[in-house]
Amino acid sequence: MAVSSTLLTMVGIDLAAMALLVFGVYFPRHQRSDLVVAFLGVNVGVLGVASVLATSEIGVGLGMGLFGVLSIIRLRSSEISQREVAYYFAALAIGLICGISGSPLTAGAVVALIVAVLAAADGMYSRHTQETLLVDHAYTDRLSLEDRVAELTGAEVLGLDVLRLDFVNDTTLVNARLRRHELVVRNTPVGVS
């Protein structure tokens, strides 16, 4: 069986989009090499399956079913954020689009849109984080707890959810939504105080 030039073009679009998404957007910002492998593996797997299904009689319907099943799988191996779930979904979508589309122009435009939107959204909120912290006192006063979390993290507290208040061990387990401030580097000449 000869490989068509359209299929090779679609594979090229897929690989270029994933390289940009994973190595240009995701990894420089989040530094999780374990998820780089997962994103690429999921993408190439879906691309392969979708490409084969696109050439068979049952193609698109089964491909969409596969996409639906893959998108609802709960990722249990390690804790991942909602941001990383979005990258998984993008990897799935890019693989499926490139695997079943017959038009490189349409696929390229849709894939470019996915990568651009994810890059913009992730960059826009890069200073916003969510962390679970075990604070060194059992705080019953919310304002005091917010002040302590701000002091510990050096970030603006956007919201707090107390997960556990432990009076025996004198600790508070809190889920904090934070906005990190830009670091200001002051250039002070050596020897000047």
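Thresholds applied
Residues numbered from 1 in each chain as written. Predicted model: local features only at pLDDT ≥ 70, side-chain atom pairs only at ≥ 80, totals over all residues. Heavy atoms only, no water. Pairing = 2+ DSSP bridges. Helix = DSSP H or I, 4+ residues; strand = E, 2+ residues; numbered from the N terminus. Salt bridge = Lys/Arg side-chain N within 4 Å of Asp/Glu carboxyl O. Buried < 20%, exposed > 50% of the residue type's maximum accessible area, 1.4 Å probe, protein only. Contact = heavy atoms within 4.5 Å. Polar contact = N/O pair within 3.5 Å; in protein donor to acceptor, adjacent residues only side chain to side chain.

### Quick look at the pairing of strand E2 (residues 155–166)
In step 1: Pairing geometry for E2 and strand E3 (residues 171–180), over ten bridges, is antiparallel. Across the sheet, the residue bridging to Val 157 is Leu 178, located in E3.
In step 2: Taking the residues between adjacent antiparallel strands as the criterion, E2 and E3 are bridged by four residues, where Asp 170 takes a positive phi near 55 degrees.

### Digging into the pattern of salt bridges
Opposite charge on two side chains makes pairing possible when the charged atoms of those side chains draw close.
In step 1: Taken as a whole, this structure holds nine salt bridges when the rule is applied.
In step 2: Residue Glu 84 pairs with Arg 32 through a salt bridge whose shortest N-O separation is 3.3 Å. Of the two residues, Glu 84 is situated in helix H4 (residues 82–100) and Arg 32 in the loop between helix H1 (5–30) and helix H2 (33–54); the sequence distance between them amounts to 52 residues.
In step 3: Between Arg 142 and Glu 146 there is a salt bridge whose closest N-O contact spans 3.9 Å. Highlighted residues: Arg 142 and Glu 146, both in helix H6 (residues 142–153), separated by four residues, approximately one helical turn.
In step 4: Residue classification places Arg 142 among the partly exposed residues on the basis of a relative accessible area of 41%.
In step 5: Overall, the relative accessible area of 25% leaves Glu 146 in the partly exposed class.
In step 6: What emerges from the salt-bridge pattern is a single network uniting Arg 29, Arg 83 and Asp 122.

### With respect to the environment of Phe 23
In step 1: Checked against the element boundaries, Phe 23 lands in helix H1.
In step 2: Among all residues touching Phe 23, those that are not within four sequence positions of it are Met 18, Pro 28, Val 36 and Leu 40.

### Structural notes on the side chain of Glu 84
In step 1: The exposure class of Glu 84 is buried, given its relative accessible area of 7%.
In step 2: Looking at Glu 84, its side chain comes within polar contact range of the side chain of Tyr 26, at 3.0 Å.
In step 3: Aside from chain neighbours lying at most four places away, what touches Glu 84 is Tyr 26, Arg 32, Leu 35 and Phe 39.

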